[in-house]
Amino acid sequence: MSRVLLAGESWTTTSVHTKGFDSFTTSVYEEGAEHFIAVLEHAGHQVEYQPNHIAADRFPYTATELDHYDVVVLSDIGANTLLLPSSVFLHGIRRPNRLQVLADWVDAGGALLMVGGYLSFQGIEAKANYRGSPLAAALPVELEIGDDRVEAPHGAIGSLTSEAPFPVAEGPWPPLLGYHRFSAKADATVVAEIEGHPLAVLGRVGRGRSAALGTDMGPHWVPTEFLEWPGYSDLMRGLVEWLAVAPGREAS
């Protein structure tokens, strides 16, 4: 089956507690990829997971390193984390631009999936900042200027289009609590929509393939009801398996 590299989907929360005159801080480390990883591993795929603080220094710097994988997934990891490893930011050492390396690898036959989150696409306050980056050319969508989030506390309903190349469970989709606004590139295929916006988009890049999923792989945008819906696993597995047969890899 496919070898998948997943980067991102982790965070540390620091809280300040004030009790009258006194205050103190607490922190907690969290990860949000467990459901996505479980779906892929259950289907027989191998997943290497690099949380944000690991990916900052260990995400591949060369096409040779990327060739160990069939599909690369970026989820809730901003461009700066891949542009500014500690060797660059702390020590002023030149390193390859990993966004350009990844884009070139996709063009040469690799496969990329970007999954939504507060630090995906443009993200909260546009801090993910992929618009105008080298990786933007490898995505099947055009990114907005600025913050591209749509918060949907009322519950927004997605739906599959007739062009989907893989099956997803029938029946109405459970509600999602948020997504990104973006537009599909002219040669891309929209396989799911939400409130009049593309939600899942597939594209071909040179000899490779790319996909964009405009919502998260877990809470808060993806509530428990959606995670437990059979269509969640169908969608995630379908995206990865479509990507894994990028034209540049069919002969291997």
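Details of the structure are given in the entry above.
Definitions and limits used
Residues numbered from 1 in each chain as written. Predicted model: local features only at pLDDT ≥ 70, side-chain atom pairs only at ≥ 80, totals over all residues. Heavy atoms only, no water. Helix = DSSP H or I, 4+ residues; strand = E, 2+ residues; numbered from the N terminus. Rg over C-alpha atoms; globule rule 2.2 N^0.38 Å. Buried < 20%, exposed > 50% of the residue type's maximum accessible area, 1.4 Å probe, protein only. Contact = heavy atoms within 4.5 Å. Areas by Shrake-Rupley, 256 points an atom, 1.4 Å probe, with all protein chains shown as cover. Polar contact = N/O pair within 3.5 Å; in protein donor to acceptor, adjacent residues only side chain to side chain. Pairing = 2+ DSSP bridges. Expected span 1.5 Å × (residues − 1). Salt bridge = Lys/Arg side-chain N within 4 Å of Asp/Glu carboxyl O.

Peer 1: I would appreciate a short explanation of the overall build of the chain in the present structure.
Peer 2: A tally of regular secondary structure across the chain gives eight helices and 13 strands. Here the chain has a C-alpha radius of gyration of 18 Å; the compact-globule value for 252 residues is 18 Å, and the two agree. The buried share among the 252 residues of the chain stands at 51%. Within the chain, contacts between residues separated by at least 24 positions form 69% of all contacts whose residues are at least 6 apart in sequence. Surface accessibility of the chain: about 11600 Å² in total, with carbon and sulfur atoms responsible for 52%.

Peer 1: Can you help me understand the side chain of His45 in this one?
Peer 2: In this fold, His45 is placed in the loop between α1 (34–42) and β4 (46–50). Residue class for His45 comes out buried when judged on its relative accessible area of 5%. At 2.9 Å, the side chain of His45 and the side chain of Glu241 are in polar contact.

Peer 1: Even after reading the chapter, I still don't get the pairing of strand β8 (residues 149–160), so can you show me in this structure?
Peer 2: Look at any regular strand and the pattern is simple: side chains alternate between the two faces of the sheet. In the sheet, β8 pairs with strand β9 (residues 175–180) via five bridges, with the strands oriented antiparallel. Within the sheet, the bridge partner assigned to Val150 lies in β9 and is Tyr179. Sheet topology note: the β8/strand β11 (residues 189–194) ladder contains three bridges and is antiparallel. The residue of β11 that forms the bridge with Leu160 is Ala192.

Peer 1: Could you clarify how one ought to interpret helix α8 (residues 230–243) in this entry?
Peer 2: Note on helix geometry: an α-helix contains 3.6 residues per turn, so any two residues three or four positions apart are oriented the same way. With 14 residues, α8 should cover 20 Å at 1.5 Å per step; its first-to-last C-alpha distance of 20 Å lies within 8% of that length. Here α8 lies mainly inside the structure; ten of its 14 residues are buried. Buried within α8 are the following residues: Gly231, Tyr232, Asp234, Leu235, Met236, Gly238, Leu239, Val240, Trp242 and Leu243.

Peer 1: Hey, could you run me through helix α6 (residues 98–107) in this one?
Peer 2: Among the ten residues in α6, seven count as buried, and that is most of the element. The set of residues buried in α6 consists of Arg98, Leu99, Val101, Leu102, Ala103, Trp105 and Val106. Of the residues flanking the start of α6, the one acting as N-cap is Asn97, its side-chain oxygen 3.0 Å from the backbone nitrogen of Leu99. Positive backbone phi, approximately 130 degrees, marks Gly109, located one or two places after α6.

Peer 1: So what exactly am I meant to see when it comes to the pattern of salt bridges here?
Peer 2: Two side chains that carry opposite charge are able to pair once their charged atoms sit near each other. Enumeration according to the criterion identifies six salt bridges in this entry. The partner of Glu125 in a salt bridge is Lys127, with the nearest N and O atoms 3.1 Å apart. Notably, a salt bridge pairs Asp234 with Arg237, separated by 3.3 Å at the nearest N-O pair. Here Asp234 pairs with Arg237, and both are found in helix α8, just three residues apart, close to one helical turn. Accessibility expressed as a relative area gives 16% for Asp234, which makes it buried. Accessibility expressed as a relative area gives 26% for Arg237, which makes it partly exposed. Connected through salt bridges with shared partners, the residues Asp147, Arg149 and Glu151 form a single ionic network.

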